[in-house]
2 protein chains.
Amino acid sequence: MKHIIGILGGMGPAATADMFQKFIQLIPASCDQNHIPLLISSIPDIPDRSACILNHQQDPEQHLLTYLHNLEKAGATCIVIACNTAHFWFDRLQAKSNVKMLSMIDSTVNCAVKMGVKKIGLLATNATVATKLYQNALEKQGIDVVLPTTEGQDQVMESIYLYKAGKIEQSVSLMEIEQQALLEQGAECIILGCTEVPLILSEAMKKQPHFYIDSTLELVKTAIDWYYQQ
Amino acid sequence: MKHIIGILGGMGPAATADMFQKFIQLIPASCDQNHIPLLISSIPDIPDRSACILNHQQDPEQHLLTYLHNLEKAGATCIVIACNTAHFWFDRLQAKSNVKMLSMIDSTVNCAVKMGVKKIGLLATNATVATKLYQNALEKQGIDVVLPTTEGQDQVMESIYLYKAGKIEQSVSLMEIEQQALLEQGAECIILGCTEVPLILSEAMKKQPHFYIDSTLELVKTAIDWYYQQ
């Protein structure tokens, strides 16, 4: 059977493109044909995940399910979601999907466990924080989570929306303040638990890569492992 | 009707990712939902296009057609191909496709016409040059085409394969020699007529953007125009 990994993306498109690039960079290919087959859905009209969870606005589940099934129709045999907040719907989507799905949250937490981290920072959307997607999984593993202050968390969210709106410099400067605050609170490293955050902190990550766990990169590694195990 | 642009890619994956990035960069979006919906097929087992045209090796048409139809099944209402050489099969694919296709060759030649260029260089694969995909279209418009020498063309092809194999520095140094040679032969500007070439010459393009017509960028502009006209 020929395997194809489907990326359910568009949340936002730049984060989806970043995941695509990471698949390309991690494969030691000597020609086109060595690369892993991917199908990418970057259809960005999926209602805002945070606005649904926090403010009871339009639920994105039906859009997510439609685009997931469209990836299946096009031949995807495994699905990954290029958005942490959307993992709030992961179990419901997996229950209705005909193919295997791989979780970004699990991939990222597994990395923290392997690194032996005891106290970890989290930079994520307000909704990812509020739903405790990461905190519950990390605490089960005996890892303490350091979060931004209430005001700090609002700045993280503002930074993410600024990045999505193309206001890169303002976005970077807000996020750098909040990541520094987490390190000062004793976090040994920081989970970049929103797929825009590795883009926002790309320069900081180049300087000190050991301070960060990039959720996009961890899911890509899991998906590549899955592919080669088939 | 909701429109979705399908990118038939994987030839190679890095060039497909470059096309995806160009769609994102050209849309002045203030939030995720403003971006253009895309479905991207990056399934790289499509047989080598140049090897088929020049050496009668395996024909990629059936792979191209299957992946094109899979994009249609997933909802694409317009298809673009992220590979110049594959445009050798464009008319046959359009005849069997249920949706509109937009040509990279036409988009690029239209740009040269609008710029009023009279003598233009071409950096493309051996097969794109041999099939005269660009030369015939440009000559119809009264534009003279400057090609690399026979040895130079082999270096262009070698540069493209080196890039696909991740040997970036060697690739760049070969291609920069050949583009310089075209300018010295009197080309007013150069068509980057293989989707790997804008990646290989990215630094040179930043310094002197007016010397280049990027076939990927021109097709993306055509596709965005098409989308907003619907």
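Each chain carries its own residue numbering, running from 1 in the written order of its sequence. All chains are assigned letters beginning at A, and all ligands numbers beginning at 1, according to the order in which they are written. pLDDT decides what is reported in this predicted model: residues at 70 or higher carry local features, side-chain atom pairs at 80 or more are listed and counted, and totals for whole chains, interfaces and linings draw on all residues regardless. Neither water nor hydrogens contribute to the side-chain values; these are computed over all heavy atoms in the structure.

**Focus on the sheet that holds strand 7 (residues 189-192) of chain B**
Residue and element names in this part refer to chain B.
Then comes step 1: Paired strands are those between which DSSP finds at least two bridges. By definition, any uninterrupted DSSP run of H or I lasting at least four residues is a helix, any uninterrupted run of E lasting at least two residues is a strand, and each is numbered from the N terminus. In spatial order, the strands read 6-5-7-8; together these 4 strands make up an open sheet with parallel pairing. On the outer flanks of this sheet lie strand 6 (144-146) and strand 8 (212-214), each paired with one strand and no other. Sheet twist, expressed as the mean angle between neighbouring strand axes with direction ignored, is 30 degrees.
Then comes step 2: Any two residues having at least one pair of non-hydrogen atoms within 4.5 Å are treated as being in contact. Axis lines are fitted through C-alpha atoms, for helices just across the contact stretch, and the angle between N-to-C directions can take any value from 0 to 180 degrees. The sheet contacts of helix 9 (residues 168-184) involve strand 5 (119-123), strand 6, strand 7 and strand 8, and relative to strand 5 the element is tilted by about 165 degrees.
Then comes step 3: Contacting strand 7 and strand 8, helix 12 (residues 215-229) runs over the sheet at an angle of about 55 degrees to strand 8.

**So, the sheet that holds strand 6 (residues 144-146) of chain A**
All names here are of chain A.
Then comes step 1: Overall, parallel pairing links the 4 strands, which are arranged 6-5-7-8 in an open sheet. Both outer strands of the open sheet, strand 6 and strand 8 (212-214), are each paired with one neighbouring strand and no more. Each adjacent strand pair in this sheet contributes to an overall mean axis angle of 30 degrees, direction not counted.
Then comes step 2: The pairing of strand 7 (residues 189-192) with strand 8 spans 3 bridges and is parallel. Across the sheet, L192 pairs through a bridge with D214, a residue of strand 8.
Then comes step 3: The strands touched by helix 9 (residues 168-184) within the sheet are strand 5 (119-123), strand 6, strand 7 and strand 8, with strand 5 carrying the most contacts at an inclination of about 165 degrees.

**Some words on the side chain of S41(B)**
Then comes step 1: In this structure, S41(B) sits in strand 2 (residues 38-42).
Then comes step 2: S41(B) gets classed as buried once you look at its relative accessible area, which sits at 1%.
Then comes step 3: Discounting residues that sit within four places of it in the chain, S41(B) has contacts with L38(A), L39(A), I7(B), L8(B), G9(B), G10(B), Y67(B) and L71(B). Only protein chains enter the accessibility calculation, which uses a 1.4 Å probe; a residue whose area is less than 20% of its type maximum is buried, one above 50% is exposed, and one in between is partly exposed.

**Regarding the domain arrangement of chain A**
All names here are of chain A.
Then comes step 1: Note: domain ranges come from an automatic or database domain assignment. Taken domain by domain, chain A consists of domain 1 (5-103 + 217-229) and domain 2 (105-215).
Then comes step 2: With centres defined by C-alpha atoms, the gap from domain 1 to domain 2 works out at 20 Å.
Then comes step 3: The partner domain 2 presents 27 residues to the 22 residues of domain 1 that form the contact.
Then comes step 4: On the domain 1 side of the interface with domain 2, the three residues burying the most area are N84, S103 and E218, jointly 34% of the side's total.
Then comes step 5: Here, a salt bridge means any Lys or Arg side-chain nitrogen found within 4 Å of an Asp or Glu carboxyl oxygen. Inspection of the region where domain 1 meets domain 2 yields 1 salt bridge.
Then comes step 6: Between K22 and D214 there is a salt bridge, with the nearest N and O atoms lying 2.6 Å from each other.
Then comes step 7: In the analysis that follows, any N or O atom pair within 3.5 Å is treated as a polar contact, provided that within protein one partner can donate a hydrogen and the other can accept it, and provided that, for residues neighboring in sequence, both atoms belong to side chains. At the junction of domain 1 and domain 2, the tally comes to 17 residue pairs in polar contact (both at pLDDT 80 or more).
Then comes step 8: Secondary-structure elements contributing two or more residues to the side of domain 1 that touches domain 2 are helix 1 (13-26), helix 2 (49-55) and helix 12 (215-229).
Then comes step 9: Amino acids outside the nonpolar list (Ala, Val, Leu, Ile, Met, Phe, Trp, Tyr, Cys, Pro) and the charged list (Asp, Glu, Lys, Arg) are all regarded as polar, and Gly is one of them. Taken together, the residues of the side of domain 1 that touches domain 2 sort by class into 10 nonpolar, 7 polar and 5 charged. When two parts are put together, the accessible area they lose, computed with a 1.4 Å probe and summed over both, is reported as buried area.

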